[in-house]
Amino acid sequence: MSISRRSVLGLAAAGLAGSALSFGLLEKQPKGLRGWSRPKTRAPKNIIFCVVDGMATQVLSLADHYSQHHYGKASYWASILDDPRMTTGWQDTASLSSVVTDSAAASSTWGSGRRIWNGMLNMYPDKTALAPIGQLLRTKGMKTGLVTTTTITHATPAGFTVSIVSRDLEPLIAEEYLKVGPDVLLGGGDKFFDASKRKDGKDLYGAFAKAGYEVVKDRAALKASKGDKVLGIFDSSHLPFSVDRDNSPAMAEKVPTLAEMTRIAIDKLKGSKEGFLLQIEGGKVDHAGHGTDVAGQVHDQLAFEEAVRVAIEFAERDGDTLVIITADHATGGPSLNGAGEEYADSLKAADTIAGMKCSLPTLIATMGLKPKADRVADVVASKYGIKLKKEEAETMADILNGKSPFAFSEFLSGSSQGLSVVLGNYSKVLYTSGNHTAEYVPVTAFGPWSESLGGLTRNVDFNEVILATRGIENKNPTMDYATAAKHMEKLKETMDAEWFAFNASHDDECSCHVHIN
Ligand SMILES: [Zn+2]
Ligand SMILES: [Zn+2]
């Protein structure tokens, strides 16, 4: 299923009606947190919302197993799960159009407190714009910040900040940011700011500088930055996978880690008299999930958890900050499987993953176009430390030459998916698909009001808690599935395709764009 830039409009609304309604989840917008009322205790001054995009619970536990085996200590998120000061729970992740959400609808549920059609940002298919928290809280004097490892204009940061008909309109989202004015913007997406790369030739860097932003483009400049308002863009598109960054001195010199960006963002926001709202996104865990890429996923998960550590340690010192840690949905369905006699081989998975020195897309790129089996075996040996059997190398070569034995499969016919089945013989990790999946995702919260987020919280209800910290009532209108589906049909008919194509991002380097991401 594809929405993405082929449009908001590629989704067959009518075809979804039966399946969506049969789950009984989507007929009505949820009506607020069950039994929740505004806590009597003092509301948090600051809110840090840490979202790991596309993290299935299996990734949380896989990263912990990896960390314990390889580093001899628990991963950070796992280590705080058992801390009695934390509230833990689950989040339901449905959107207005499906039980499987995309990132735009997911972040918009937090942004607007309403379920949204997949692919749209804080807007219904009849183009009714909903007010997002990133704008509402600024009217109360709060500062805001967005930090991500994707393009800064990607669905998750945008869902806190803008209302727009499609997530794919990233050049326009960059312009919307200028109007809304988040104080801190750190991530990728140079092509949406640089006049020479934008189709309309607008100099967004210049416009941001004129609006008082310090513009920085590498790690050293970010560390040296003095301004309160900063736009930091460190890649043409998304930032690299952590496993690629960490194995490339040049990338490591240019691109800051998510933890480094988080620390600097907090430093710039913490002086705000009325507090701040900061979203931290580990966006590449989702991309690695789409790419069924175990090394990519484990290392970006651990990098995200180090950013969470920075947020929690600030909140511990500050005492007036609510930290929420969650995912927007799961992606890929990876599991570390029991393998070998008495499952003893599963233990070796951590060693195998540790031997993988690049992401799966980098591995494939290193093999070159249409590689032969010998070339495949050589690259897998040198980059992943795995000695493939002859039939495994031949199968991988077949997949990369358009002859996948899984071509019949709706979920495993893609080349990354096919390769990951072969590599799963060594990593012991298999994926169910390269798509988003429907599971509930974990929630951990710390600080004032964190107790509001225990148990099973619907995605829309985070908005209610966050707005209540400032006494704001959610006035966004609701829309049910059937009405939205009708408007979606009309939107598809009336959307100016030329206008859309001109303003949409054309991001072919990100495998997640093949599917809804
Ligand atoms: Zn997502
Ligand atoms: Zn995704």
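For the structure itself, consult the block above.
Fair warning: this is a prediction, and the values are worked out from it, not measured in the lab.

Visitor: Tell me about helix α4 (residues 103-112), and name the residues and values.
Guide: The buried fraction of α4 is high, at 10 of 10 residues. The complete set of buried residues in α4 reads S103, A104, A105, A106, S107, S108, T109, W110, G111 and S112. For α4, the side-chain oxygen to backbone nitrogen distance between the N-cap and A104 is 3.2 Å, and the N-cap itself is D102. G113 sits one or two residues past α4 and shows a positive phi near 75°.

Visitor: Requested: an account of the side chain of D328, with residues and values cited.
Guide: Structurally, D328 can be placed in the loop between β8 (321-327) and β9 (330-331). Among buried charged residues, D328 stands out as having no salt bridge; its nearest opposite-charge side chain is R167, 7.6 Å away. Looking at D328, its side chain comes within polar contact range of the side chain of S103, at 3.1 Å. Looking at D328, its side chain comes within polar contact range of the side chain of H329, at 3.1 Å. Apart from the residues lying within four places of it in its own chain, the contact partners of D328 are V51, V52, D53, G54, T93, T101, S103, A106, W110 and T156.

Visitor: Any chance you could break down the coordination of the zinc ion (ligand 2) for me, citing the residues and the numbers?
Guide: Protein coordination at the zinc ion (ligand 2): the donors are D286 (OD), D286 (OD), H290 (NE2) and H436 (NE2), at 2.1 to 2.3 Å from the metal. Because the angles between the 4 donor atoms bound to the zinc ion (ligand 2) fall within 59 to 151°, the donor set is best described as irregular. Every donor residue of the zinc ion (ligand 2) comes from the same chain, spaced as D-x3-H-x145-H. In this structure, the zinc ion (ligand 2) is positioned 4.4 Å from the zinc ion (ligand 1). Highlighted residues: H290 in helix α13 (residues 284-290) and H436 in strand β12 (residues 436-437), separated in sequence by 146 residues. Note on H290: relative accessible area 2%, which makes it buried.

Visitor: Lay out the packing of helix α2 (residues 57-71) against helix α14 (residues 294-318) with the relevant residues and their values.
Guide: Two numbers describe a pair of packed helices, the interaxial angle and the distance between the axes. Running from N to C, α2 and α14 cross one another at 85°; their axes reach a closest spacing of 9 Å. In terms of their interaxial angle, α2 and α14 are classed as roughly perpendicular. Contacts from V59, L60, L62, A63, Y66, S67 and Y71 in α2 reach V294, Q297, V298, H299, Q301, L302 and E305 in α14. Of the residues belonging to the contact of α2 with α14, the class tally is 9 nonpolar, 4 polar and 1 charged.

About the cut-offs
Residues numbered from 1 in each chain as written. Chains lettered and ligands numbered in written order. Predicted model: local features only at pLDDT ≥ 70, side-chain atom pairs only at ≥ 80, totals over all residues. Heavy atoms only, no water. Buried < 20%, exposed > 50% of the residue type's maximum accessible area, 1.4 Å probe, protein only. Helix = DSSP H or I, 4+ residues; strand = E, 2+ residues; numbered from the N terminus. Polar contact = N/O pair within 3.5 Å; in protein donor to acceptor, adjacent residues only side chain to side chain. Lys, Arg positive; Asp, Glu negative; His and termini not counted. Salt bridge = Lys/Arg side-chain N within 4 Å of Asp/Glu carboxyl O. Contact = heavy atoms within 4.5 Å. Donors = N, O, S within 2.8 Å, 3.2 Å for Na, K, Ca; no water. Tetrahedral: all angles 85-135°; square planar, octahedral: opposite > 155°, others 65-115°. Axes fitted to C-alpha atoms, helices over the stretch in contact; angles between N-to-C directions. Parallel < 35°, antiparallel > 145°, perpendicular 65-115°, else oblique. Nonpolar A, V, L, I, M, F, W, Y, C, P; charged D, E, K, R; others polar.

Geometric values such as these leave the question of function open.
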